[in-house]
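# Summary of the model geometry
Residue-level listing of the chains:
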Amino acid sequence: DAKTTQPNSMESNEEEPVHLPCNHSTISGTDYIHWYRQLPSQGPEYVIHGLTSNVNNRMASLAIAEDRKSSTLILHRATLRDAAVYYCILSQVVYGGSHGNLIFGKGTKLSVKP
Amino acid sequence: NAGVTQTPKFRVLKTGQSMTLLCAQDMNHEYMYWYRQDPGMGLRLIHYSVGEGTTAKGEVPDGYNVSRLKKQNFLLGLESAAPSQTSVYFCASSYSLGSQPQHFGDGTRLSIL
């Protein structure tokens, strides 16, 4: 299964943009790039996902490198509620009964300072 | 819309006891998953199901069994609990494989003494 590499921790100031990097040099053509976040004592929460093109939604933006070997999650204005562990995950679409499961690493712990 | 609901939220067991964790989803998703998360770690897949009546092993299946008798429910069983199974268990569901997000429950915190 393809793996991702993320910094262990990052800090941000409230109301400033945050760029969370992720390297996935062994990504295959069928791998989707997913981002989830997990607040303390809660289950992971879906943030955004994409395949090749940059993606935007109400929570964040996902910038995908042209060679797809890296991506960046962008929080446009960090709030205190954005403090969480952020997971960058590759999810395969494999047909014929396989599961497309998510391989979680340790993620990036984001701290937001007021 | 409840999404994914897990019961119970907390449980303490003695070594050798058995129990069943229940996961229910109301989104009509075909795919359901059970993960465990140990302190300071990411989630690891235990078992999953690609539809009613089907189950398959994930990364760490030993010591667990599952059943998917109804599309909306996915049960995780521990036949003889061991201290190594102390963990937080998360259930998830998704509409399709890989290309759609998984929706997670809030977890079950299980302690085995």
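That block above? That's the structure.
Scoring rules and cut-offs
Residues numbered from 1 in each chain as written. Chains lettered and ligands numbered in written order. Predicted model: local features only at pLDDT ≥ 70, side-chain atom pairs only at ≥ 80, totals over all residues. Heavy atoms only, no water. Helix = DSSP H or I, 4+ residues; strand = E, 2+ residues; numbered from the N terminus. Rg over C-alpha atoms; globule rule 2.2 N^0.38 Å. Buried < 20%, exposed > 50% of the residue type's maximum accessible area, 1.4 Å probe, protein only. Areas by Shrake-Rupley, 256 points an atom, 1.4 Å probe, with all protein chains shown as cover. Lys, Arg positive; Asp, Glu negative; His and termini not counted. Charge placed at Lys NZ, Arg CZ, Asp CG, Glu CD. Phe/Tyr/Trp six-rings, centres within 6.5 Å; stacked < 30°, edge-to-face > 60°. Pairing = 2+ DSSP bridges. Salt bridge = Lys/Arg side-chain N within 4 Å of Asp/Glu carboxyl O. Polar contact = N/O pair within 3.5 Å; in protein donor to acceptor, adjacent residues only side chain to side chain. Contact = heavy atoms within 4.5 Å. Axes fitted to C-alpha atoms, helices over the stretch in contact; angles between N-to-C directions. Buried area = accessible area lost by both parts, 1.4 Å probe.

## Some details on the overall build of chain A
Check the secondary structure of chain A and you find zero helices and nine strands. Secondary structure of chain A in N-to-C order comes out as β-β-β-β-β-β-β-β-β. Here chain A has a C-alpha radius of gyration of 14 Å; the compact-globule value for 114 residues is 13 Å, and the two agree. Projected onto its principal axes, the C-alpha coordinates of chain A cover approximately 50 × 30 × 25 Å. Taking all 114 residues of chain A together, the buried fraction comes to 43%. Split by element, the accessible area of chain A, about 5800 Å² in all, is 47% carbon and sulfur. Each charge class in chain A was averaged separately, 10 positive and 10 negative side chains, and the resulting centres sit 4 Å apart.

## Focus: the overall build of chain B
In terms of helices and strands, chain B carries zero helices and 11 strands. Element order for chain B, N to C, with α for helix and β for strand: β-β-β-β-β-β-β-β-β-β-β. The C-alpha radius of gyration computed for chain B amounts to 13 Å, which stays within 12% of the reference 13 Å derived for 113 residues, consistent with globular compactness. Dimensions of chain B, computed from C-alpha atoms along their principal axes, come out at roughly 40 × 30 × 25 Å.

## Here we look at the packing of aromatic side chains
In this structure the tally under the stated criterion is five aromatic pairs over all chains. Ring geometry for Tyr 36 of chain A against Phe 104 of chain B: centres 5.8 Å apart, planes inclined by 85°, an arrangement best described as edge-to-face. Of this pair, Tyr 36 of chain A sits in strand β3 (residues 31–38) while Phe 104 of chain B sits in strand β10 (residues 102–104), on two different chains. The class for Phe 104 of chain B is buried, based on a relative accessible area of 11%. Taken together, a centroid distance of 5.8 Å and an interplanar angle of 65° make the contact between Tyr 64 of chain B and Tyr 89 of chain B edge-to-face. With Tyr 64 of chain B in the loop between β6 (56–57) and β7 (65–67) and Tyr 89 of chain B in strand β9 (residues 87–94), the pair connects residues that are 25 residues apart, well separated along the chain.

## Digging into the pairing of strand β6 (residues 61–64) of chain A
Residues and elements named next belong to chain A. Of the strand pairs in this sheet, strand β5 (residues 55–56) and β6 are connected by two bridges, and their pairing is antiparallel. Looking at the pairing, Asn 56 lines up with Ser 61 of β6. The turn linking β6 back onto strand β7 (residues 70–75) is made up of five residues, and Arg 68 within it adopts a positive phi angle of 65°.

## A short note on the pattern of salt bridges
Residues and elements named next belong to chain B. Under the counting rule described, the total for this entry stands at seven salt bridges over all chains. A salt bridge links Arg 36 to Asp 38; the shortest N-O distance between them is 2.9 Å. Of the two residues, Arg 36 and Asp 38, neither departs from the other in class, the shared state being buried.

## Overview of the side chain of His 24 of chain A
Residue and element names in this part refer to chain A. Locating His 24 in the fold gives a position in the loop between β2 (18–23) and β3. Within the local environment of His 24, its side chain forms a polar contact with the backbone oxygen of Arg 68, the two atoms lying 2.8 Å apart. A distance of 3.0 Å separates polar atoms of two side chains, one belonging to His 24 and the other to Ser 71. Ignoring sequence-local partners within four residues, the contact set of His 24 consists of Lys 3, Thr 4, Ile 33, Arg 68, Lys 69, Ser 70, Ser 71, Cys 88 and Leu 90.

## Focus: the sheet that holds β7 of chain B
All names here are of chain B. In spatial order, the strands read β1-β3-β8-β7; together these four strands make up an open sheet with antiparallel pairing. Both outer strands of the open sheet, β1 (4–7) and β7, are each paired with one neighbouring strand and no more. If you compare each strand with its neighbour and ignore which way they point, the axes differ by 20° on average. Two strands pair when backbone bridges link them, and β1 and strand β3 (residues 19–25) are joined in this way by four bridges, in the antiparallel orientation. Note on β3: the bridge partner recorded for Thr 7 is Leu 22.

## So, the interface of chain A and chain B
Listed per partner, the contact involves 24 residues of chain A and 21 residues of chain B. Here chain A and chain B share an interface that buries about 1700 Å² over both sides, 59% of which is from carbon and sulfur atoms. Linking chain A with chain B are zero salt bridges, by the criterion used here. At the junction of chain A and chain B, the tally comes to four residue pairs in polar contact (both at pLDDT 80 or more). At the level of elements, β3, β4 (45–50) and β8 (84–92) of chain A are the ones that each hand at least two residues to the side of chain A that touches chain B.

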